[in-house]
Each structure stands twice: as C-alpha cells, then as structure tokens.
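Coordinate inspection notes
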Amino acid sequence: MVGYDPEAKCVSTVEAAAAGSASGLVTRVLVSPLDVIKIRFQLQIEQLSSRNPAAKYHGILQAVQRIFQEEGLVAFWKGHVPAQFLSVGYGAVQFMAFESLTKLVHNVTSYNARDSFVHFVCGGLAACTATVAVQPVDTLRTRFAAQGEPKIYRNLRHAVVTMYQAEGPRTFYRGLTPTIVAIFPYAGLQFSFYNILQQFSEWAIPAEGKKGGNVKNLVCGSCAGIISKTLTYPFDVFKKRLQVGGFEHARAAFGQVRIYRGLLDCIRQIMREEGPGGFFKGLSPSLLKAAVSTGLVFFWYELFCSLLCALKSADSTTRTEG
C-alpha cells in the first residue's frame, strides 16, 4: 500500500499525509531513547571505548546507565516536543509527496509505479522535500538532545528566540547540505528495499501463509532501515556535528568540542583526529533505531491506511444500504 497502486485506489493524498503523521507520532515516542543515545555518541570527539578514560560514553548499556544516573529518566526524551513536530511534519510531507510522485510517474510516464527504481527516485525526492520543510525543527531537536546540565534552553520558545538572536535565522538550517546529500539515497533505499522485500515475501510465502501481513510489513521495514542506514550513515554524523555549531559551551560536560567551518572541514577534522571509525560513531544504536523506527513507520503507515480504507468501505456500504 506504500506508493500509488492503480489497482487499489483507496488512499487519497490527504489521507496518506494523515497516516504518515500518525505513524511518525507513534514511532517517535517509542524510539526517542535510542535517538538520544545515538546523538550523544555522534557528538563525542573521544573514542567510544572503555580503554579511553576521557570518553564519557563507551557503549549502549553504559550510556543508558550514565544518562539515567546523571540526568534521570526524562533525559531519554530530551527534545521530545520538537522531535514530535519533526516526526509528524516529516511523516506527513514525505508520504504525501511519495504518493503524489508515484501517481505522477504512473500517469505521465511509461514506468510502472510499483517498480523499485521508481520507488528509489520518488522516495528520495519525497524525503528531500520533507527535510527542507522540517530542518529547523530537526536542529532544535538535536540541540535539546545534546545539551547537558545546567540546561542552556529552558523550553522550545526560549531556544528559538535565543538561537535567532545570537546566531541568526541561518542557524536553523545548519547541516542542511549533508542532510540533503544523505537523505536522497537513504530514503530512496528505504522505499526501494521495502518494495523489493515486500515483492520477495509475496513470492516466497505461499498464498495460504499470508495472514501475518502486519508482521511482514514490520520485518521488511526493519531490514530496509538497516541496509539504508548503514550505507549512508557518515552523512548523519556530519549533520549532527554541524547542527551543534555555536553551541559548544553546552557541550563542555560531555568532553572535547570542535568548531567546523563547513562540511568539508568537518570531514577533514574527523578523519584526521578520529580516523575512519569516527564516521561511524553511534552506528550500533543508530542501526537499532533504524531497524525499530523504519519497521514501525511502515508498519503503522500500512495499518493506518488499512483502517482508513476500511472506514471508507464501511461508510460506502452504509450509504448504499441507506
């Protein structure tokens, strides 16, 4: 049901946006702790190892214990309000654009809207559109998740006003270049691999065994998330490092800080000081998050679309009988 299907004209563009928003909202609540840990790992200059005494975080379990001891349980949902705006807005724009683009391809070209290549291109373009729309909220989410104690920003309004006055409006789009560069292949691979895995499952599983459709959506989404995240991960690190530029004073409690003049300078400094492994800091929680979040996003999206279709079908039946 992800993408335009001429044989199942059930979900409109507006309904796809609503399903995408609901999917993003539910998924964000569940994966926020993994996101906070991932961001902390990505922003740490020191090597993620217990052999490095200067490193604040060594691994997932150690990071969970330390964050809980120092900042309490609510720390795992730091930045949750802007993160929810991000998820709801991103989910709405992405799925609405994806449904519209696949429908456009089907109507004006000779390509099949269900082809994996079409899903790759349309998924990438839809994600780029959604990214530009929600990038300011993403920057706010990163700042909130990254700050230690005492907090620099008291709430969302205070963060927006402070950032605007101190750094100007361009600060809300810090890290946009690596985000756009990474998001096209990342989202494109997500949608295309999800489509490929769905087609493979339909071929591999006999017709009488297709009762667990929701579980299949979850598994296919999780696998697609792991593959796409691994292939594009370094750009996520670059984005996070650039997003906290000008925010160095709030990072002092977490270890060393660096100032980057741009994307290329960020890449050079990481390579020089941290080596190739620096490009994959936080990969473990990120892959865990990608598997859970991508699986849940597609799972909830398909489920909400099915519910909308069922409601429309029931309403149509009622009107006919009336």
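Looking at an unreviewed UniProt entry, the chain carries the name Mitochondrial thiamine pyrophosphate carrier, with the source organism given as Ciccaba nigrolineata. If you open the UniProt record of the chain and go to Sequence similarities (unreviewed entry), you find "Belongs to the mitochondrial carrier (TC 2.A.29) family." Among the UniProt annotations of the chain, the heading Catalytic activity (unreviewed entry) holds the following wording: "thiamine phosphate(out) + thiamine diphosphate(in) = thiamine phosphate(in) + thiamine diphosphate(out)".

1. Digging into the packing of helix α7 (residues 213-243) against helix α8 (residues 263-274)
Taken N-terminus to C-terminus, the directions of α7 and α8 make an angle of 105°; their axes are 10 Å apart at the nearest point. In terms of their interaxial angle, α7 and α8 are classed as roughly perpendicular. Seen from α7, the contacting residues are V237, F238, R241 and L242; seen from α8, they are L263, C266, I267, I270 and E274. Across the contact of α7 with α8, the residue classes break down as seven nonpolar, no polar and two charged.

2. Looking at the packing of helix α1 (residues 13-43) against helix α4 (residues 116-146)
The packing of two helices is summarised by the inter-axis angle and the distance between the axes. As a packed pair, α1 and α4 sit with axes 9 Å apart at the nearest point and diverge in direction by 70°. Classified by the angle between their axes, α1 and α4 sit roughly perpendicular to one another. When α1 is examined against α4, the residues R28, D35, V36, I39, R40 and L43 are found in contact with a partner set consisting of R141, T142, A145 and A146. Taken together, the residues of the contact of α1 with α4 sort by class into five nonpolar, one polar and four charged.

3. Things to note about a nonpolar patch on the surface
Judged by side-chain polarity, L25, V29, L30, F68, L73 and W77 come together as a nonpolar surface patch covering roughly 560 Å² of accessible area. Ranked by residue count, the leading element in the nonpolar patch is α1, at three residues. Within the secondary structure layout, V29 lies in helix α1. Given the relative accessible area of 37%, V29 is considered partly exposed.

4. So, the nonpolar core
Counting 17 residues, the largest nonpolar core has V2, F95, F98, F191, Y194, F298 and Y301 as the members making the most contacts within it. Contributing elements (two or more residues each) for this core: α1, α3 (80-108), α4, α6 (176-204), α7 and α9 (283-321). The residues contacting F298, other than those within four sequence positions of it, are V2, F95, Q190, F191, Y194, N217 and G221. A130, I183, A187 and A290 belong to the second-largest nonpolar core, a separate cluster that totals ten residues.

5. Comments concerning the environment of I259
By secondary structure assignment, the location of I259 is in the loop between α7 and α8. Remark: the alpha-carbon pair of I259 and G245, spanning 14 residues in sequence, is separated by 6.4 Å.

Cut-offs used in this document
Residues numbered from 1 in each chain as written. Predicted model: local features only at pLDDT ≥ 70, side-chain atom pairs only at ≥ 80, totals over all residues. Heavy atoms only, no water. UniProt positions renumbered as here; feature names shortened; annotations may be inferred. Axes fitted to C-alpha atoms, helices over the stretch in contact; angles between N-to-C directions. Helix = DSSP H or I, 4+ residues; strand = E, 2+ residues; numbered from the N terminus. Parallel < 35°, antiparallel > 145°, perpendicular 65-115°, else oblique. Contact = heavy atoms within 4.5 Å. Nonpolar A, V, L, I, M, F, W, Y, C, P; charged D, E, K, R; others polar. Patch = residues over 30% accessible without salt bridge, like charges linked within 9 Å, V, L, I, M, F, W, Y side chains within 5 Å. Areas by Shrake-Rupley, 256 points an atom, 1.4 Å probe, with all protein chains shown as cover. Salt bridge = Lys/Arg side-chain N within 4 Å of Asp/Glu carboxyl O. Buried < 20%, exposed > 50% of the residue type's maximum accessible area, 1.4 Å probe, protein only. Core = buried A, V, L, I, M, F, W, Y, C linked by side-chain atoms within 4.5 Å.

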